[in-house]
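# Survey of secondary and tertiary structure
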Amino acid sequence: DERPLDFHDFKRLERLHRKAIRVSMEKNAGCTNAEMEKYRGYFDANVEGSFTEHAEPHMSNRAVRMLLAGMFPDSALDRQRHQRIAQLVRDADSDGNGVFDFDEYLWLMRKVSDIMDRENLVRGLQLKKVLGYTREEAKQFRDLFAV
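Residues numbered from 1 in each chain as written. Predicted model: local features only at pLDDT ≥ 70, side-chain atom pairs only at ≥ 80, totals over all residues. Heavy atoms only, no water.

So, about the confidence of the model for the protein. Here the protein shows a mean pLDDT of 84. Residues at 70 or above account for 93%. The spread of mean pLDDT over the elements of the protein runs between helix H6 (residues 135-145), the lowest at 78, and strand S3 (residues 99-100), the highest at 92. (pLDDT = per-residue confidence, 0-100. Helix = DSSP H or I, 4+ residues; strand = E, 2+ residues; numbered from the N terminus.)

Pasting the structure below:
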């Protein structure tokens, strides 16, 4: 015999879900499980060299640049963005060895993801203003297209 879910039960499930997400993001350096899976897959697919017990898997600078070129295809046309991304790449290589272990790569991906999210938000707000949409209409578009 199952009873219907009441509001109290719903709020309890919501708290549990939020806690699980928070715990997973803390464990994954700020990434969701899906993001971590995606980042790990790309890293593993682009690992270079042979490794001993003293050498960690790494991505070459070239592989990282190719990934970023795909994420920011118009960077070649935007000097400021290109310089900002180049600085992020330099900052991510924390030990200065010219290659990226997983932690360095993950830090870079989080920063790049934050930049992309911020730019998309700004573009969306500008477009909302240009097109004259109300807040409710903009929300409906976000919901419709899951952006």
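Let us look at the packing of aromatic side chains. Under the criterion given, the structure shown has five aromatic pairs. Aromatic side chains Phe 43 and Tyr 105 sit 5.3 Å apart centroid to centroid with 40° between the ring planes, which places their arrangement in the tilted category. Here Phe 43 is found in helix H2 (residues 33-45), whereas its partner Tyr 105 is found in helix H5 (residues 102-131), with 62 residues between them in sequence. Residue Phe 43 is classed as buried on the basis of its relative accessible area of 1%. With a relative accessible area of 1%, Tyr 105 lands in the buried category. The interplanar angle of 45° and the centroid separation of 5.9 Å between the aromatic rings of Phe 102 and Tyr 105 together place this pair among those described as tilted. Of this pair, Phe 102 and Tyr 105 both sit in helix H5, three residues apart, roughly one helical turn. Following the ring pairs from residue to residue traces out a cluster consisting of Tyr 39, Phe 43, Phe 102 and Tyr 105. (Phe/Tyr/Trp six-rings, centres within 6.5 Å; stacked < 30°, edge-to-face > 60°. Buried < 20%, exposed > 50% of the residue type's maximum accessible area, 1.4 Å probe, protein only.)

The next point concerns the nonpolar core. Membership of the largest hydrophobic core comes to 22 residues, with the highest contact counts inside it found for Met 59, Leu 68, Phe 100, Tyr 105, Leu 108 and Met 109. For this core, the elements supplying multiple residues, two or more each, are H2, helix H3 (61-71), helix H4 (79-92) and H5. Setting aside anything within four residues of it in sequence, one finds Met 59 in contact with Tyr 42, Phe 43, Asn 46, Val 64, Val 99, Phe 100 and Tyr 105. (Core = buried A, V, L, I, M, F, W, Y, C linked by side-chain atoms within 4.5 Å. Contact = heavy atoms within 4.5 Å.)

Turning our attention to the packing of H2 against H5. At a minimum axis distance of 11 Å, the contact between H2 and H5 shows a crossing angle of 125°. With respect to each other, H2 and H5 are oriented oblique. Crossing geometry of H2 relative to H5 is assigned as right-handed. Where H2 approaches H5, its residues Glu 35, Met 36, Tyr 39, Arg 40, Tyr 42 and Phe 43 are matched on the opposing element by Phe 102, Tyr 105, Leu 106, Met 109, Arg 110 and Ser 113. Of the residues in the contact of H2 with H5, the class split is eight nonpolar, one polar and three charged. (Axes fitted to C-alpha atoms, helices over the stretch in contact; angles between N-to-C directions. Parallel < 35°, antiparallel > 145°, perpendicular 65-115°, else oblique. Left-handed = near helix turned anticlockwise from the far one by under 90°. Nonpolar A, V, L, I, M, F, W, Y, C, P; charged D, E, K, R; others polar.)

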